[in-house]
Amino acid sequence: DASHVTIVGSTVYLADGYSLQIVSVSDPAHPTRVGGYDTPGWATDVAVAGDYAYVADWSRGLRVVNVADPANTSEVSSYDTPDDAQNVVVAGDYAYVYDQNQDFHIINISNPANPFEAGFYGVPQYTYNYPRSIAVAGKYVYLATSSYDYLRIIDITDPANPKLVSGYHVGE
């Protein structure tokens, strides 16, 4: 599934596979599209922090879109990940991007107009094992894959040197 949703207040941000959609749900019985942005790639995930939406845009990497005025969105910058950006989470000054090659990128977004890679972790690859989800809690990132039901826990205390803490196979 290519659709991922982030909710901020009464606004829903949807990466619908083609673009970023912005929908007001202030009246949940009558959702209303209030804006969007047609990304150049395939929008697979979105995270929102402040006035910016961070879109995992498949072969076009991470897109940074100003959403302060949903009716007049504009791309501020981008960061081209080496492989297809599939998942993104934002925490503090960092966007955490999980790509199709199962690599994990820590992108410094302290200046949204100039994102840069602060750290990288190459996840060991397995046949038919694709990234499914990413979550950040405190000093850890949790990476889930589709096949083999695997979870990896990465310590991000030092963003320049993320380290594998452990892994868990659901079948264990």
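Residues numbered from 1 in each chain as written. Predicted model: local features only at pLDDT ≥ 70, side-chain atom pairs only at ≥ 80, totals over all residues. Heavy atoms only, no water.

Enquirer: Would you mind going over the pattern of salt bridges with me for this structure?
Expert: For side chains of opposite charge, pairing can occur when their charged atoms come near one another. Counted according to the given criterion, the structure contains one salt bridge. Here Glu-75 and Arg-63 are joined by a salt bridge, their closest N and O atoms 2.9 Å apart. A residue pair is termed long-range when its members are at least 10 positions apart, and Glu-75 in strand E8 (residues 74-79) and Arg-63 in strand E7 (residues 62-66) qualify at 12 residues. In this structure Glu-75 comes out as partly exposed when scored by relative accessible area, which is 27%. Its relative accessible area of 10% is what places Arg-63 among the buried residues. (Salt bridge = Lys/Arg side-chain N within 4 Å of Asp/Glu carboxyl O. Helix = DSSP H or I, 4+ residues; strand = E, 2+ residues; numbered from the N terminus. Buried < 20%, exposed > 50% of the residue type's maximum accessible area, 1.4 Å probe, protein only.)

Enquirer: Help me understand the pairing of strand E9 (residues 85-91) in this model?
Expert: In regular strands, side chains alternate between the two faces of the sheet. Among the seven residues of E9, six are classified as buried, and the element is accordingly described as predominantly covered. Taken together, the six bridges between E9 and strand E10 (residues 94-99) define a ladder with antiparallel strand orientation. Looking at the pairing, Val-89 lines up with Tyr-96 of E10. Connecting the antiparallel pair E9 and E10 is a turn made up of two residues, with Gly-92 showing a positive phi of about 65 degrees. (Pairing = 2+ DSSP bridges.)

Enquirer: Explanation requested: the sheet that holds strand E4 (residues 32-37) in the structure shown.
Expert: Adjacent strands of a sheet form backbone hydrogen bonds with each other and so pair up, either parallel or antiparallel. In space, the four strands of this open sheet follow the order E1-E2-E3-E4, with antiparallel pairing throughout. The open sheet is flanked by strand E1 (4-8) and E4, the only strands paired with a single partner. Each strand axis lies, on average, 20 degrees off the axis of its neighbour in the sheet, ignoring direction. As paired strands, strand E2 (residues 11-15) and strand E3 (residues 20-24) are joined by five bridges and run antiparallel to one another. Each residue of the ladder has a partner; that of Tyr-13, found in E3, is Ile-22. (Axes fitted to C-alpha atoms, helices over the stretch in contact; angles between N-to-C directions.)

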